[in-house]
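Analysis of the macromolecular model
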Amino acid sequence: MFEYQSELEQKIARSVMRVEKPARYIGGELHAVRKPYDRVSMRVAFGFPDLYEIGMSNLGLQILYKVLNDIPDVQCERVYAPDVDFEAIMREEEIPLYTLETKRAVKEADIFAITVGYEMLVTNVLNMIDLAGMEMYAKDRGEEDPFIIIGGPCTYNPEPIAEFADAFSIGEGEEVWPEIMEKLREWKASGAPKIEFLKALCEIEGMYVPRFYEFDYNGDGTIREIRKLYDKAPDHIEKRIIRDMDSAPFPTSPVVPFISTVHDRAVVEIFRGCTRGCRFCQAGMIYRPVRERSPEKIREIVEEQLKATGYEELSILSLSTGDYSRVEELVTDLMRLCRESDVSMSLPSLRLDSFSFKVMDEIQGYKKSGLTFAVEAGSQRLRNVINKDITEEHIYSASRQAFELGWHSIKLYFMAGLPGETDEDLAGIADIARNIMNIYKEVNGKIGRLSIHVSVSNFVPKPHTPFQWFPQDTDEEFSRKHELVKNLIKPMKCVRLSYHDSATSYLEGVLARGDRRMCKTLVEAVRLGCKFDGWREHFDYEKWMQAFRNTGVDPDFYARRAWGYDEILPWDLIGTGVDKEFYLSENEKARRGEITKDCREGCQLCGVNRVFDC
Amino acid sequence: MKYLIKWSKEGDMRYISHLDIMRLFQRAFKRTGIRLKYTEGYSPHPKMSIAQPLSLGYTSRGEYFEFETQEDLDPEAIRQRMEDAMPEGIRMLSCTVLKETKKAAGALITRGDYDVGVRLAKPEEYEKLREAADWFLSQPSVIIQKVQKKSGKIKEIDIREKVRALEIDSQDDYLLMKLKVDTGSASNLNPEVLLQILRERMGISGGEMETRIERAEMYAESAEGAEIPLYLLK
Ligand code: SF4
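How each quantity is defined
Residues numbered from 1 in each chain as written. Chains lettered and ligands numbered in written order. Predicted model: local features only at pLDDT ≥ 70, side-chain atom pairs only at ≥ 80, totals over all residues. Heavy atoms only, no water. Phe/Tyr/Trp six-rings, centres within 6.5 Å; stacked < 30°, edge-to-face > 60°. Helix = DSSP H or I, 4+ residues; strand = E, 2+ residues; numbered from the N terminus. Pairing = 2+ DSSP bridges. Axes fitted to C-alpha atoms, helices over the stretch in contact; angles between N-to-C directions. Buried < 20%, exposed > 50% of the residue type's maximum accessible area, 1.4 Å probe, protein only. Polar contact = N/O pair within 3.5 Å; in protein donor to acceptor, adjacent residues only side chain to side chain. Contact = heavy atoms within 4.5 Å. Domains from an automatic or database assignment.

Here the distance between the centres and the angle between the planes together describe a pair of aromatic rings. Inspection of the entire model under this criterion finds 28 aromatic pairs over all chains. Relative to Trp 187 of chain A, the ring of Phe 147 of chain A lies with its centre 5.1 Å away and its plane at 75°, an arrangement referred to as edge-to-face. A residue pair is termed long-range when its members are at least 10 positions apart, and Phe 147 of chain A in strand S4 (residues 147-151) and Trp 187 of chain A in helix H6 (residues 176-190) qualify at 40 residues. Here Phe 29 of chain B and Phe 65 of chain B contribute two aromatic rings whose centre-to-centre distance is 5.9 Å and whose plane-to-plane angle is 25°, an arrangement assigned as stacked. With Phe 29 of chain B in helix H1 (residues 18-32) and Phe 65 of chain B in strand S3 (residues 59-68), the pair connects residues that are 36 residues apart, well separated along the chain.

This is the structure in structure tokens:
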């Protein structure tokens, strides 16, 4: 009764009953891959720096899990950040970070891969490396430690975490990971020191080995020069992408969790990229060009996935469902399929036209959740500045139509702190809410059941966007703006306002445009106890500020400075395919209030098509 | 048709809660394509239930699951298809047809057998455990006080009368207690409650006793008044 595979397994068994949700830490889910030891020659521990419930909902990880485990002698194993209760026990009982598939220490793997999708997860990345029993700085790790390779959207500016990774994988991982494993196979056979593997990685497109580059700075703190320390390292690291979505690997038997997770349902990605060109949006730039999966392939994936998982819900994924070229055909088909197999369907971000109203009318639960508009800015002038292609006429006519069909709730998304924003633009947010309220009154005669939810997030300038040079608002400015909107909205009882935490947005802004000098700050923040910074109950702004002070790094230098067009940017080594000149001209057009059309209506010469086909 | 599946929960599956097991079964049925009957009314849900939910952390080789299907199927075929749809550690041991009575088979349960493995920090404590068990069995009654969930009132419960048998076997490096205890809606005893009493008698804390609890079987009263394992129920 008391037999265990290993001492570690015994410690885990003794500990997990003392924590919340033990099922987070034991694996064994349906479709989890566990290969016989003697058939495995390379092991990858794939880490996600947040809780199991969040990580299990991440499609990217499920895709790469499949890609890696499809290689016969590779075992890819999952590892998530333990919650604070389990972490305390792990440290006390000396349980190292381990993988769910084999319950072996991460440290025993060949590669510890980590995907980072959000700036506020960086302390968790470091904490996980520490829990694994490794040194945080790559230079301090030994020959016997696994290679740490970091990927995910956050690595489009890898510099704030550059000194912790042995390598970064920039862009989409489906094709690059098998190439990495081939290099690993060769390297393992050669018996050469670790550095030789890193050199070999430089031969793979999209791989960035930070130790082969050195940054020099000017007296004012800006970057003077980026120098290569290994002559065969690439001058520029262009992102990797999948060209053909139909032949790209996609999990039809994803791991099905026991406990409920954030997105506990079948999911199919219908396309990547976005052509709209909103100037604040990093996703809109880094995922270019648009690549669609065919409706036939999507259907095939959905059928297989539903059969293999038994999920009761299906969701389709993309940056904006409504922009899929054959959306009516696809949605009609999937709705029929779902009806036949007793599965409910959720359809995020449809465009509001007569077709979508018909669809939403059919899908249960839609009316309850309400209509959603990403308006982003309170005036047409400012929407032109940010190149957000939505008009008030459209919002009002769609709202009227929804109300006539018996809808009662609407959600509006805005941003505060946009470049060139005035108080008038902010007042426009309240005006739009008021106008919608009046339309409801016209349709229904009274305010009755109407509920309008206005959500205001804070603008964070992101690398690889036309707005990458702009300064970010101060905390005080954000707070003043939130107050302003709040006071204007207050008289309207049917309108509810929520806004993001300014301190979190500030730190997000600092980390987003950080450089290598920030690495020591992150180590200090972790030492002071920062973790799960994306979680309100854990985020400790004071500790962060102390970490900056203790390491002599000025966060304002990164977030609140107007960066120069001619400056070398920390992320200049990394390429998205989009030309820096395009960002620059878009920035200039923003200042002039000129719009740039959706590039489906004609190429806007962003440059991506010189590297990839559009 | 109404069926009863006897199943087991092994190894790490002991950390999967009752609620999550319900979802696991529901999705497993979806994967097999076996269509369950649904209740009528405003929010229909599939007709299925797990008898006497097991505590988190226990394994079992005597779990039961009953359900109604839309079509009549061969019970062995159901068992095989469900077995194939389950992750490692959840096994379908048998499947039998039940009479379509109103009452759930689970509601007929009266007794449960458990194997309790006990490991103690110090060797001399094994003897103390045997003594504590002998003491317990020699008592006419052992009363504990329990706070009622709903009313908050304190209720006295006799644990002694709920324990029908307690045998102790020595194993290589642990003691195996074989328990037969009241299980069911009329009278129920969680083995952990008994262990707590024994620990108190021995004067040790929970941290000094490592336990493994496995449910071996559950029994119900047959029409003839005999106690039979649930899978023999017709
Ligand atoms: S190259 Fe032209 S069509 Fe392609 S994404 Fe850029 S602007 Fe759009």
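From this point, things continue past the structure.
Glancing now at the sheet that holds strand S16 (residues 409-416) of chain A. Residue and element names in this part refer to chain A. On the basis of which strands lie adjacent, the open sheet formed by four strands has the order S15-S16-S17-S18 and parallel pairing. Looking at which strands have only one partner, the edges of the open sheet turn out to be strand S15 (371-376) and strand S18 (495-499). Each adjacent strand pair in this sheet contributes to an overall mean axis angle of 20°, direction not counted. For S16 and strand S17 (residues 451-458), the ladder comprises eight bridges, and the chain directions are parallel. Counted as the bridge partner of Leu 412 is Val 454 from S17.

You can see Glu 210 of chain B is positioned in strand S10 (residues 209-221). Using a relative accessible area of 17% as the deciding quantity, one classes Glu 210 of chain B as buried. Of the polar contacts made by the side chain of Glu 210 of chain B, one reaches the side chain of Arg 14 of chain A; its length is 2.9 Å. Among residues more than four places away in sequence, those in contact with Glu 210 of chain B are Phe 2, Tyr 4 and Arg 14 of chain A together with Gly 117, Val 118 and Arg 119 of chain B.

Segmenting chain A into domains produces domain 1 (7-238) and domain 2 (368-500). Taking only C-alpha atoms into account, the centre of domain 1 of chain A sits 40 Å from that of domain 2 of chain A.

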